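Chain by chain, the residues:
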Amino acid sequence: MRIGIVGLGLIGGSLGLDLGALGHHVVGVSQRLTTCEQAIARGAVAQASPDPQLLANVDVVFLCTPLGVMEAVAQQLCPYLRPQTILTDVGSVKAPIVATLSRLWPNFVGGHPMSGTADQGIGAALSGLFRGNAYVLTPTPLTPVAAVDQVAELARALGSRVYHCTPEVHDRAVAWISHLPVMVSSSLIAACAQESDSDVLAMAQKLASSGFRDTSRVGGGNPELGLMMAKYNRDALLSALTQYRDRLDRVIATLEQQDWTSLSAHLQATHQQRQTFEFESPKRT
Ligand code: NAP
């Protein structure tokens, strides 16, 4: 199959590495020529250029740019695509992107691979990034079924578990498990960094181990990605943050009141509830 990747960064480059290894002919479009050259040198794409004309003969295009430029980039590239070409995206928020891109290109399938690292750019691209992880597709009643099936087949070939849901359910679900954690984790780092006693702060920085590494990881990631999640998924994220603040207030109250019975019940409940989440396979950062 001939596959085009637009936006040769962490996700686009990683898709290129794996899809190329699966035997597909992969071409890339990115805005900077140096990125295109790096993507070819890394073996993520066979050819690359800032010129969308390179996509004239591809069967499937993965749009992998930041959320904020997806509409403008799609507008530039659609005139070069054949009508039967499937356009799919990898954006972390679905409802606004699906609404916009489906209008621009009827053969569009919203998608979101639930994979990433704290790094960005083509230099951060990794083989096997999607293996063992969820890949969500968010078709609407108007999305062509054959296009959904085609993207699902490619996602499964990457080793991902494929799920389908509406764009709205996706956005509320990822607000809980992806976007809220970014805000909580970044607030944790900021609160810790503002410790006023420099000896305490210096010791905390020396003592930080796996617990702080895990809980601070997503808050210390790509700042642009965090900002875009907040802007594009504002309502669902605000709702999750507000409910989180309520939970935090309840935990604070148990400590203030030395209500160890309630705190113990809370921690026992979360110990059980955590086991209901299907985590990705443990292989990275
Ligand atoms: P990234 O590493 O910063 O890559 C984005 C790439 O897009 C950049 O390397 C940039 O390449 C290119 N680009 C920017 N503007 C462009 C334009 N106007 N035309 C063509 N290319 C352009 O970001 P990422 O982490 O891969 O994220 C990309 C998308 O994946 C986002 O929509 C994000 O929501 C989604 N996503 C991210 C993660 C994650 O954890 N990182 C996970 C799942 C989904 P140049 O060097 O050419 O400017």
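Below, the structure is looked at part by part. None of these values were measured; they are calculated from a predicted model. By convention here, each chain's residues receive numbers from 1 onward along its written sequence. Where local features are concerned, this predicted model is filtered to residues with pLDDT of at least 70; where side-chain atom pairs are given and counted, the filter is 80 or more; whole-chain, interface and lining totals use all residues. Calculation of side-chain values draws on the structure's entire complement of heavy atoms; hydrogens and water are dropped beforehand.

Looking at the overall build of the protein chain
Item 1. Under the scheme used here, helices are H or I runs from DSSP no shorter than 4 residues and strands are E runs no shorter than 2 residues, and both carry numbers assigned from the N terminus. Each helix and strand counted, the protein chain has 11 helices and nine strands in total.
Item 2. The size measure is the radius of gyration over C-alpha atoms, and the globule rule it meets is 2.2 Å times the number of residues to the 0.38 power. Over its C-alpha trace the protein chain gives a radius of gyration of 21 Å, about what one expects of a compact globule, namely 19 Å for 285 residues.
Item 3. Seen through its principal axes, the protein chain has C-alpha atoms that stretch 65 × 40 × 30 Å.
Item 4. Note on exposure labels: buried denotes an accessible area under 20% of the residue type's maximum, exposed denotes more than 50%, and partly exposed covers the range between, all computed with a 1.4 Å probe on protein chains only. By the burial criterion, 40% of the 285 residues in the protein chain qualify as buried.
Item 5. In what follows, a contact means two residues having at least one pair of non-hydrogen atoms within 4.5 Å. At a minimum sequence separation of 6, the contacts of the protein chain that also span at least 24 residues come to 69%.
Item 6. Summed over its atoms, the accessible surface of the protein chain is roughly 15300 Å², and 56% of this surface lies on carbon and sulfur atoms. Accessible surface is estimated by sampling points in the Shrake-Rupley manner with a 1.4 Å probe; for residues, cover comes only from the protein chains shown.

Details of helix α3 (residues 70-77)
An α-helical turn contains 3.6 residues, so a residue and the one three or four places further along point in the same direction.
Item 1. For α3, the full list of buried residues reads Met70, Val73, Ala74 and Leu77. The arc that holds every buried residue of α3, seen down its axis, measures 100°, which confines them to one face.
Item 2. Looking at the buried positions of α3, the neighbouring elements they touch are β1 (2-6), β4 (60-63), β5 (86-89) and α4 (95-104). Note that the arc is computed from the directions linking the helix axis to the C-beta atoms.

Regarding the pattern of salt bridges
Charged atoms that come close allow side chains of opposite charge to pair.
Item 1. Any Lys or Arg side-chain nitrogen found within 4 Å of a carboxyl oxygen on Asp or Glu counts as a salt bridge. Enumeration according to the criterion identifies six salt bridges in this entry.
Item 2. The shortest N-O distance in the salt bridge between aspartate 59 and arginine 2 comes to 3.3 Å. Note that aspartate 59 is positioned in the loop between β3 (47-49) and β4 and arginine 2 in strand β1, a separation of 57 residues in sequence.

Focus on the packing of helix α6 (residues 167-193) against helix α9 (residues 223-232)
Item 1. Lines fitted to C-alpha atoms define the axes, with helix axes restricted to the stretch in contact, and inter-axis angles between N-to-C directions lie between 0 and 180 degrees. Put simply, α6 and α9 touch, their axes get as near as 10 Å, and they point 120° apart. Considering their axes alone, α6 and α9 lie oblique with respect to each other. α6 and α9 meet at a crossing whose hand is left-handed. Two secondary-structure elements touch here, α6 through Ser178, His179, Val182 and Met183 and α9 through Gly226, Met229 and Ala230. For classification, angles of less than 35 degrees are called roughly parallel, those exceeding 145 degrees roughly antiparallel, those between 65 and 115 degrees roughly perpendicular, and all remaining angles oblique. The hand of a helix crossing depends on one turn: near helix anticlockwise from the far one by less than a right angle means left-handed, and clockwise means right-handed.

Any functional reading would require information that these geometric values do not contain.
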